[in-house]
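Overview (structure and organization)
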Amino acid sequence: MKLFKIASSVFVCLLLTHVSSKAQTKFGKGLSFVNQDSTASLLFHFRIQNLYTFNYSSSDNSWSQNAMVRRSRLKFDGFAFNPRLKYKLELGLTSNDISVNKEAGQTKDASRIILDAVFKYQLNKNWQVWFGQTKLPSNRERVVSSANLQFVDRSILNGSFNIDRDMGIQLHGKFNIKKIVVRPIFSVSNGEGRDLTEGNHGGSCYTSRLEILPFGSFEGKNQDYVLSDLTRQQKPKLAMGMTYNKNVNAIRQQGQLGSFVTDSLGKFVANTLEQFEADLVFKYSGFSVLAEYATQSAQKQLNNLSSKFITGTGLSIQAGYLIKSNWEFAARFSNQTPDDKTFSALKELSEYTLGLSKYLVGHSLKIQTDYSMIDNGGMKPNYRLRFQMEMQF
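The present account deals with the structure reproduced in this document. In this text, all values refer to a predicted model and were calculated from it rather than measured experimentally.

A closer look at the overall build of the protein
- Helices and strands together make up the secondary structure of the protein, namely four helices and 19 strands.
- The C-alpha radius of gyration of the protein comes to 21 Å, within 12% of the 21 Å expected for a compact globule of 393 residues.
- Along the first, second and third principal axes, the C-alpha atoms of the protein reach 60 × 50 × 50 Å.
- If you take every contact in the protein between residues at least 6 apart in sequence, the share linking residues at least 24 apart comes to 60%.
- When the accessible area of the protein is evaluated, it comes to approximately 19000 Å², of which 61% is carbon and sulfur surface.
- The centroid of the 48 positive side-chain charges in the protein is displaced by 7 Å from the centroid of its 32 negative side-chain charges.

Here you go:
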């Protein structure tokens, strides 16, 4: 019922906006509205990902299957009053996005429907300040939209090490040194994740990221944050990034994600987490590579907790080639290793994946499938087959 009310409200708002504004639309580019006096704009996107998964465990010769709506999202962005003041609002409608973390009561048992709610103000030519809830400047695969992935979903490195979304302030810079593009990013945030209502129980989270594009900007808008070389870069393009994150007195396993950590009395247990990430993306003439490395450590090693903190290292490398008929063949290797099995919640895991994608209208309408062998630390491997269709307008 709540989702129906939200969808109805969105439809009414769009209808009213359409009546009093100029509207433009093109499949995959969203519905665009601009006020008659050009003091505000709205770009609306809706997308769905329908997923089928088949799993087989060789250790006990068992299998399972599942079909689900993996993602269903509404996204709004534009400017208000002045083109220098932009905004973004993204809502998640599936249970994967709005599930409630009830164990600590930090969301007042309400659905966590808001993914992004952020203002962006262009200070000058080189600097932009963000305020609100959105993705932190984390590993590249995390910041890439789930609509623009090369495989059905992100790697296991991203699942264990990404610092996800948080509420805070960010400063984004961009400078050109001849053809070289340099982008520094700084962030201060709560450190406990999105949609929390009960205040900050730990410290704050500090994030710094530096990106360098030695051969200049990619052809096409933000193509270093779109996986697969759909634009078929005419010249070799490379983007490199490094992130340092320190979450002071974190009370969740992964900082912004995971279970809240408590002691035997049910009280929060804080631990300072430090993380370093490095990544690169390379594209040329339909060929693309994404490589990422991450390591996270904790200040204290603690026992007798409700959950362990996630510490260790991860590595992920993937490559793909897009042929002229817009079929893409891709392969990925991902690995994660705990630094200390006694104190870390991270499991020894390696994943080998082959992917096949058909892009009907770029990432806006595509069919993807991938097949993985998952090695659980020397045990007999598990196998997974996934099929997904995505549409975004």
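As for unusual backbone geometry
- For S228, which is not a glycine, the phi torsion comes out positive at approximately 80°.
- Within the secondary structure, S228 is located in the loop between strand 11 (205–213) and strand 12 (237–250).
- Its identity as a non-glycine residue notwithstanding, N249 has a phi of 55°, on the positive side.
- Here N249 shows up in strand 12.

Some points on the environment of L196
- Here L196 lies in the loop between strand 10 (180–189) and strand 11.
- Given a relative accessible area of 25%, L196 falls into the partly exposed group.
- For the pair formed by L196 and D166, sequence separation is 30 residues and the distance between their alpha carbons is 9.4 Å.

Focus: the packing of aromatic side chains
- Throughout the structure, instances matching the rule amount to nine aromatic pairs.
- Between the aromatic rings of F54 and W63, the centroid separation amounts to 5.6 Å while the plane-to-plane angle is 25°, which identifies the pairing as stacked.
- Taking relative accessible area as the criterion, W63 reaches 53% and is therefore assigned exposed.
- Centroid distance Y371 to Y383: 6.3 Å. Interplanar angle 15°. Geometry classified as stacked. Here Y371, found in strand 18 (residues 365–375), pairs with Y383, found in strand 19 (residues 382–392); they are twelve residues apart in sequence, far enough to count as distant.
- Owing to a relative accessible area of 43%, Y371 belongs among the partly exposed residues under this scheme.
- Taken together, the ring pairs connect F44, F46, F76 and F393 into an aromatic cluster.

What about a nonpolar patch on the surface?
- Residues F119, F131, M167, I169, V188 and Y206 make up a contiguous nonpolar surface patch of about 560 Å² in total accessible area.
- Of note, I169 is situated in strand 8 (residues 165–173).
- Taking relative accessible area as the criterion, I169 reaches 42% and is therefore assigned partly exposed.

Observations concerning the side chain of Q296
- Inspection of the secondary structure puts Q296 in strand 14 (residues 287–298).
- On the basis of relative accessibility, which here comes to 3%, the residue Q296 falls in the buried class.
- Side chain to side chain, Q296 and Q275 meet in a polar contact 2.6 Å long.
- Of note is the side chain of Q296, whose polar atom sits 2.8 Å from the backbone oxygen of I310.
- Dropping the residues within four chain positions of it, Q296 is found in contact with F161, Q253, Q254, L273, E274, Q275, I310, T311, G312 and D339.

With respect to the nonpolar core
- Judged by nonpolar contacts, V144, L149, V181, L213, F218, Y225, L227, A239, V281 and L290 together constitute the single largest core of ten residues.
- Ignoring any residue separated from it by four or fewer positions in sequence, one finds L227 in contact with V144, N148, L149, Q150, K283, L290, Q318 and H363.
- In this structure, L42, F44, L74 and I113 belong to the second largest nonpolar core, which totals nine residues.

Cut-offs used in this document
What you see as residue numbers is a count from 1 along each chain, following the sequence as written. With pLDDT at 70 or above as the cut-off, local features in this predicted model cover only qualifying residues; side-chain atom pairs require 80 or more to be listed or tallied, and sums for whole chains, interfaces and linings still use all residues. Excluding hydrogens and water, the side-chain values take into account all heavy atoms of the structure. Runs of H or I in DSSP of at least four residues are treated as helices and runs of E of at least two as strands, each being numbered from the N terminus. For a compact globule the rule gives 2.2 Å times the number of residues to the power 0.38, and the radius of gyration it is set against comes from C-alpha atoms. Two residues form a contact once any of their heavy atoms are found within 4.5 Å. A 1.4 Å probe and the Shrake-Rupley method give the accessible areas. Residues count as covered only by the protein chains that appear here. For the purpose of counting charges, residues Lys and Arg are taken to be positive, whereas Asp and Glu are taken to be negative. His and the chain ends are not included. Just so you know, the charge point we use is NZ for Lys, CZ for Arg, CG for Asp and CD for Glu. Note on exposure labels: buried denotes an accessible area under 20% of the residue type's maximum, exposed denotes more than 50%, and partly exposed covers the range between, all computed with a 1.4 Å probe on protein chains only. Two rings from Phe, Tyr or Trp (for Trp, the six-membered ring) form a pair when their centres are within 6.5 Å of each other. A pair whose planes differ by under 30 degrees is stacked, one over 60 is edge-to-face, and the rest are tilted. Patch membership is restricted to residues that have no salt bridge and whose relative accessible area is over 30%. Joining uses 9 Å for like charges and 5 Å for the nonpolar side chains Val, Leu, Ile, Met, Phe, Trp and Tyr. By definition here, a salt bridge exists when the distance from a side-chain nitrogen of Lys or Arg to a carboxyl oxygen of Asp or Glu is within 4 Å. Between N or O atoms, a polar contact is any pair within 3.5 Å; within protein, one atom must be a potential hydrogen donor and the other a potential acceptor, and residues adjacent in sequence are included only when both atoms are from side chains. Residue types Ala, Val, Leu, Ile, Met, Phe, Trp, Tyr and Cys, when buried and joined through side-chain atoms within 4.5 Å, form a set referred to as a nonpolar core.

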